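# Summary of structural features
Each chain, letter by letter, is given below.
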Amino acid sequence: MSDNPIAEPFVDNPTEALPGLVLLDASPSGVAYVVINRPQKKNAFDADTIVALREAFETLHGADHVRVVFVMGAEGTFCAGADLGWMRQAVEWTEDENRQDAMELARMLKALHDMPALTVALVDGAAMGGGAGLVAVCDMAIATEAAKFAFSEVKLGLIPATISPYVVDAIGPRAAKRLFATGQVFDAAMAQEIGLVQAVVKDGDGLRAEAEALSDQMMACAPGAIAESKRLVWDVWGQKIDHRLMEETARRIAKARTSPEGQEGVRAFLERRKPSWAEGGN
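Residues numbered from 1 in each chain as written. Predicted model: local features only at pLDDT ≥ 70, side-chain atom pairs only at ≥ 80, totals over all residues. Heavy atoms only, no water.

### A closer look at the packing of aromatic side chains
A complete count under the given rule lists 4 aromatic pairs for this structure. Taken together, a centroid distance of 5.6 Å and an interplanar angle of 20° make the contact between Phe149 and Phe186 stacked. Residue Phe149 is found in strand β8 (residues 148-150), and its partner Phe186 is found in strand β9 (residues 186-187); the two are separated by 37 residues along the sequence. By the burial criterion, Phe149 is buried, and Phe186 matches it. Seen from their ring centres, Phe151 and Phe180 are 5.4 Å apart, and the 75° between their planes marks the pair as edge-to-face. Linking Phe151 in the loop between β8 and α5 (164-171) with Phe180 in helix α6 (residues 173-182), this pair joins segments that are 29 residues apart in sequence. Residue Phe151 shares its accessibility class with Phe180, and that shared class is buried. Three or more aromatic residues link up through ring pairs in this structure, and these residues are Phe149, Phe151, Phe180 and Phe186. (Phe/Tyr/Trp six-rings, centres within 6.5 Å; stacked < 30°, edge-to-face > 60°. Helix = DSSP H or I, 4+ residues; strand = E, 2+ residues; numbered from the N terminus. Buried < 20%, exposed > 50% of the residue type's maximum accessible area, 1.4 Å probe, protein only.)

Dropping the structure here:
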């Protein structure tokens, strides 16, 4: 383990995406952790933290071997939303300055959304406002029983604008309208019920166990196929099943079958061996 208690128990050898604010660790086996490291501020966002997160996510875009990326907060809090100091500054900004600032958050969220690897939020403690939005951007989320969520912007006279496309996609328009309009605080059980969270565990030890189990599971999956599978979902979602879509999906599976990964995977299966990308493969 690292000497840095902030990163434990998940990150063994963290690097800093921007001094102190975000810890990034990617193992040779293809498992990465991105840790928001502002525990004294309950891991709330400010401008520098948003930049650090975007840099970490963009770095992982180029890590072809990474198959799963876990996103979490340090020391028992996922992300409490907007930092008070950052909010205080924004009150004095013009509308154009606020738009530019909001675009930085939007770029960070899009960088996470476009990640080729499977992205997983590990949620303990508070996930409020933009923090709950970060959960929605991830492909899936695991939360402790103690986790709390809210899209609380309306209580400040604001709206959850930049996170809204991801939240509506994750939980649907009806649940989003209710939670956006009320700012209601809800627990992990409700988060799972509406689809924001896919699994609920007892505590931090449970989070680690789930993360380790999922990491092991992902070792059997080809990195390129993971990225193409995620892209496939976005490209077919909501589309009419017509000849054009049938042709497109046929083209994609044909391309996958003749790709180096597809050839290796099928040959390994027929030869009853592990494919080259699998841990311990030969």
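### Here's the deal with the pattern of salt bridges
Per the counting criterion, the structure on display carries 15 salt bridges. Among the salt bridges present, the one from Arg38 reaches Asp46, with a minimum N-O distance of 3.5 Å. The exposure classification of Arg38 matches that of Asp46, with both residues buried. As a salt-bridge pair, Arg252 and Glu248 come within 2.7 Å of each other at their nearest N and O atoms. On the criterion of helical spacing, the pair formed by Arg252 and Glu248 is a turn pair, its members being 4 residues apart in helix α10 (residues 243-258). Judged by its relative accessible area of 22%, Glu248 is partly exposed. Among the charged side chains, a salt-bridge network with shared partners connects Arg54, Glu58, Glu104 and Arg107. (Salt bridge = Lys/Arg side-chain N within 4 Å of Asp/Glu carboxyl O.)

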